[in-house]
Amino acid sequence: MHPAPSVILFTVFSGLGFGLLAVLGSGLMPVTGWAALVAYGAGYGLAVAGLLASTFHLGNPQRALRAFSQWRTSWLSREAWASVAALALMAPVAASAAFRGVLMPALGIAAAVLCLLTVLTTSMIYAQLRTVPRWNHWTTPALFFGHAVAGGALLAGLGNAPVLLLLLGLFMALAFRVGDGRFAERGHTLATATGLGPGTVRQFAPPHTGTNYLMREMIHVVGRKHALKLRVIAVLFGAILPALVLLALPSGLVATLLAAALHLTGALAGRWLFFAEAEHVVGLYYGLR
Amino acid sequence: MTALPPPSDKKLGLVIDLDTCVGCHACVTACKGWNDQGYGAPLSDQDAWGAEPSGTFLNRVHSYEVTPEAGPAQIVHFPKSCLHCENAPCVTVCPTGASYKRAEDGIVLVNESACIGCGLCAWACPYGARELDQAAGVMKKCTLCVDRIYNENLPEIDRTPACVRTCPAGARHFGDLGDPESAVSLLVAERGGIELMPEQGTKPVNRYLPPRRKDRLEETAPLAPLLDIQASGFAGWLDRLLDRI
């Protein structure tokens, strides 16, 4: 699948933002006053920036409000509702902590649950697609949850952040490992795609000499040659190094910012791979995956 | 609404004969021609006369080489367009309700004025039947020429999809696959028509008729005995003599 920058930024930043808001709202990291203003501000900033980035890949973003209408069937529509509900419910919690210095635990937990639900809906947009076997697996929501919770804990300065980061590293490795076998496991081949078996089927001539929307969008073969290195970078920077930084340095702004920068680098590399390595079954028709 | 309607009795669709298709791409051209002038946004091209031309098509013809376990390889031309699936995954993923399946005849359509161009339906389709028009930013797909098949302003012979009407080989058939007695259903039954990628669970309506088994050449060529020329007379004597030297 084409690793579109808008979608990578959207999923990474909104996931991180909602993860941070969930940690703050849950009351695990009680902050008030200026600290709350900065922490909640960062959470809102990341979440909203991510959501805005997601509109950049739309053909007709002026109609984006219509995306709220089909929550009964569409995970994308559910994500729209969940994100708005989470941000709206978190607002009084954030305002109360920042401006009155009063925590609102009950409402905070409810809003935190909605934040995690938003991350779930985002992951399900990908996990629901039977056409992309690598994504169509429970490791996809696990990976998105891992990123949101570990990243959020890191940014919030939670004591357990190193453990959560190492757990995320485990999820990433698991998702890579399971994902590699998914396409073969499903048994999709050019023979099942065309019904032209038994025997061997191969592309003789493509339908057109150039490229097309389908090939640009679903078949991404460029850049996979660095996949292994990028996997190492994703796990190392996304999980292991920030965990080590948090454990080695005294807790404070320096440690958090350094760990966050490392984590973001790894998360972006990992998310790029999430798309670049995902193979869509339509590629079979073009003799490419 | 992007919830799928209950399965309709009438299931309009195409039956494509892979044995007959000659790969001329006339259906591709006819489809693009018709769908450029009526229903919805026209099918745009980008850099049409430049170095990297690309454009929106609702129907594309692939060509495959099939090598059976025994016997010579065979070229099969393979037209592909929307299969109007009963269990259409492209419909249910749509966040805006732009993508829908008609309850009355099962045609899957896009309401372009509600489409935000997110592209998720194209991701959900295993067959590559949906293409986002790069000029209009809305999703385009085969409409089964819904503006022809019910169009009483057209002569009756033209009330079929443009691709079917134009096919010079008679490789494309249009009809109601929900009616077991319809001409297309009988054809599918007779020729063993198949679904594409049944393991995806989409329950496509369109069917493909597999290529017929080809005749096989006999092991010995019919003219082979004539090639075994025995020289006689003087030439025969020379032949034997030269053999001995």
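Residues numbered from 1 in each chain as written. Chains lettered and ligands numbered in written order. Predicted model: local features only at pLDDT ≥ 70, side-chain atom pairs only at ≥ 80, totals over all residues. Heavy atoms only, no water.

Undergrad: So what exactly am I meant to see when it comes to the UniProt feature "transmembrane region" (unreviewed entry) in chain A here?
TA: All names here are of chain A. This chain's UniProt record puts "transmembrane region" (unreviewed entry) on residues 7-28, 34-59, 105-126, 228-249 and 255-274. With 86% helix and 0% strand, the stretch residues 7-28 has end C-alpha atoms that lie 30 Å from each other. A helix fraction of 100% and a strand fraction of 0% characterise residues 105-126, whose end C-alpha atoms lie 32 Å from each other. (UniProt positions renumbered as here; feature names shortened; annotations may be inferred. Helix = DSSP H or I, 4+ residues; strand = E, 2+ residues; numbered from the N terminus.)

Undergrad: Which parts of the structure should I look at to understand the interface of chain B and chain A?
TA: Frequently, the measure chosen for interface size is the accessible area removed from exposure when the parts meet. On the chain A side, the residues contacting the 59 residues of chain B number 58 residues. Roughly 4,600 Å² of surface becomes buried between chain B and chain A when both sides are summed, with 58% attributable to carbon and sulfur atoms. When the area that chain B buries against chain A is broken down by residue, the three leading residues are B:Tyr64, B:Ile116 and B:Trp123, summing to 17%. Taken together, chain B and chain A are joined by one salt bridge. Here A:Arg202 ties to B:Glu65 by a salt bridge, and the two come within 2.7 Å at their closest N and O atoms. Contributions of two or more residues to the side of chain B that touches chain A are made by β4 (60-67), β5 (74-80), α3 (120-124) and β8 (130-132) of chain B. (Contact = heavy atoms within 4.5 Å. Buried area = accessible area lost by both parts, 1.4 Å probe. Salt bridge = Lys/Arg side-chain N within 4 Å of Asp/Glu carboxyl O.)

Undergrad: I'm lost on the environment of A:Ala255 in this one. Help?
TA: Residues and elements named next belong to chain A. Tracing the backbone through its elements, the reader meets Ala 255 in helix α10 (residues 253-276). Taking the relative accessible area as the measure of exposure, Ala 255 reaches 2% and is therefore buried. A C-alpha to C-alpha distance of 26 Å links Ala 255 and Cys 115, two positions 140 residues apart in sequence. Once residues within four sequence positions are removed from consideration, Ala 255 is found in contact with Val 245, Leu 246, Leu 249 and Pro 250. (Buried < 20%, exposed > 50% of the residue type's maximum accessible area, 1.4 Å probe, protein only.)

Undergrad: Even after reading the chapter, I still don't get the packing of helix α5 (residues 139-156) of chain A against helix α6 (residues 161-186) of chain A, so can you show me in this structure?
TA: To characterise two packed helices, one gives the angle between the axes of the helices and the distance between these axes. Residues and elements named next belong to chain A. Across the interface, α5 lies against α6 with an axial gap of 9 Å and an inter-helix angle of 155 degrees. In terms of axis orientation, α5 runs roughly antiparallel to α6. Judged by the twist between their axes, the crossing of α5 over α6 is left-handed. Contacts between α5 and α6 involve Thr 139, Ala 142, Leu 143, Gly 146, His 147, Val 149, Ala 150, Ala 153 and Leu 154 from the first element and Ala 161, Leu 164, Leu 165, Leu 168, Phe 171, Met 172, Leu 174, Ala 175 and Val 178 from the second. Looking at the contact of α5 with α6, its residues break down into 15 nonpolar, three polar and no charged. (Axes fitted to C-alpha atoms, helices over the stretch in contact; angles between N-to-C directions. Parallel < 35°, antiparallel > 145°, perpendicular 65-115°, else oblique. Left-handed = near helix turned anticlockwise from the far one by under 90°. Nonpolar A, V, L, I, M, F, W, Y, C, P; charged D, E, K, R; others polar.)

Undergrad: What exactly am I supposed to notice about the environment of B:Gly50 here?
TA: Residue and element names in this part refer to chain B. Examined against the element boundaries, Gly 50 turns out to sit in the loop between β2 (45-46) and β3 (54-55). Here Gly 50 falls in the partly exposed class, since its relative accessible area comes to 35%. Along the primary structure Gly 50 and Gly 71 are separated by 21 residues, whereas in three dimensions their C-alpha atoms are 43 Å apart.

Undergrad: Help me understand the nonpolar core, please; the structure alone is not making it clear to me.
TA: Side chains of nonpolar character tend, in soluble globular proteins, to be buried together. Counting 130 residues, the largest nonpolar core has A:Tyr40, A:Tyr126, A:Trp135, A:Tyr285 and B:Trp123 as the members making the most contacts within it. When residues in this core are grouped by element, the largest group, 10 residues, is from helix α1 (residues 5-25) of chain A. With sequence-adjacent residues up to four places away left out, A:Tyr126 is seen in contact with A:Val7, A:Phe10, A:Thr11, A:Trp135, A:Thr140, A:Phe144, A:Phe274, A:Phe275 and B:Trp123. (Core = buried A, V, L, I, M, F, W, Y, C linked by side-chain atoms within 4.5 Å.)

Undergrad: Before we go on, may I ask you to explain the pattern of salt bridges in this structure?
TA: Pairing between side chains becomes possible if they bear opposite charge and their charged atoms approach one another. Inspection of every chain in the model, using the stated rule, returns 16 salt bridges over all chains. A:Asp180 is the salt-bridge partner of A:Arg231, the closest N and O atoms lying 2.7 Å from each other. Here A:Arg231, found in helix α9 (residues 227-248), pairs with A:Asp180, found in helix α6; they are 51 residues apart in sequence, far enough to count as distant. By relative accessible area, which is 14% here, A:Arg231 ends up buried. Note that B:Arg212 and B:Asp19 form a salt bridge whose closest N and O atoms lie 2.8 Å from each other. Residue B:Arg212 is located in the loop between β11 (207-209) and α7 (224-227), and its partner B:Asp19 is located in the loop between β1 (12-17) and α1 (26-34); the two are separated by 193 residues in the primary sequence. Salt bridges here are not isolated pairs; linked through shared partners, they connect A:Arg134, A:Asp180, A:Arg231 and A:Glu277.

Undergrad: Explain the pairing of β1(B) here, please?
TA: Consecutive side chains of a regular strand alternate in pointing toward one face of the sheet and then the other. Residues and elements named next belong to chain B. The buried fraction of β1 amounts to six of the six residues, a majority that puts the element mostly inside the structure. Burial along β1 is two-sided: the face carrying Leu 12, Leu 14 and Ile 16 and the face carrying Gly 13, Val 15 and Asp 17 are both buried. Relative to strand β10 (residues 172-176), β1 runs antiparallel, the two being bridged by five bridges. In the sheet register, Leu 14 faces β10, and the bridge partner there is Phe 174. Bridge count between β1 and β11: three bridges; the pairing is parallel. The residue of β11 that forms the bridge with Val 15 is Arg 207. (Pairing = 2+ DSSP bridges.)

Undergrad: How should the sheet that holds β10(B) be read in this particular structure?
TA: Note on sheets: strands pair through backbone hydrogen bonds, and any given pair is parallel or antiparallel. Residue and element names in this part refer to chain B. One open sheet holds the three strands; their spatial order is β10-β1-β11, and the pairing between them is mixed. Of all strands in the sheet, those bounded by a partner on one side alone are β10 and β11. Across the sheet, the mean angle separating the axes of adjacent strands is 25 degrees when strand polarity is ignored. Together, β1, β10 and β11 form the strand contacts of helix α6 (residues 183-191), whose direction differs from that of β10 by roughly 120 degrees.

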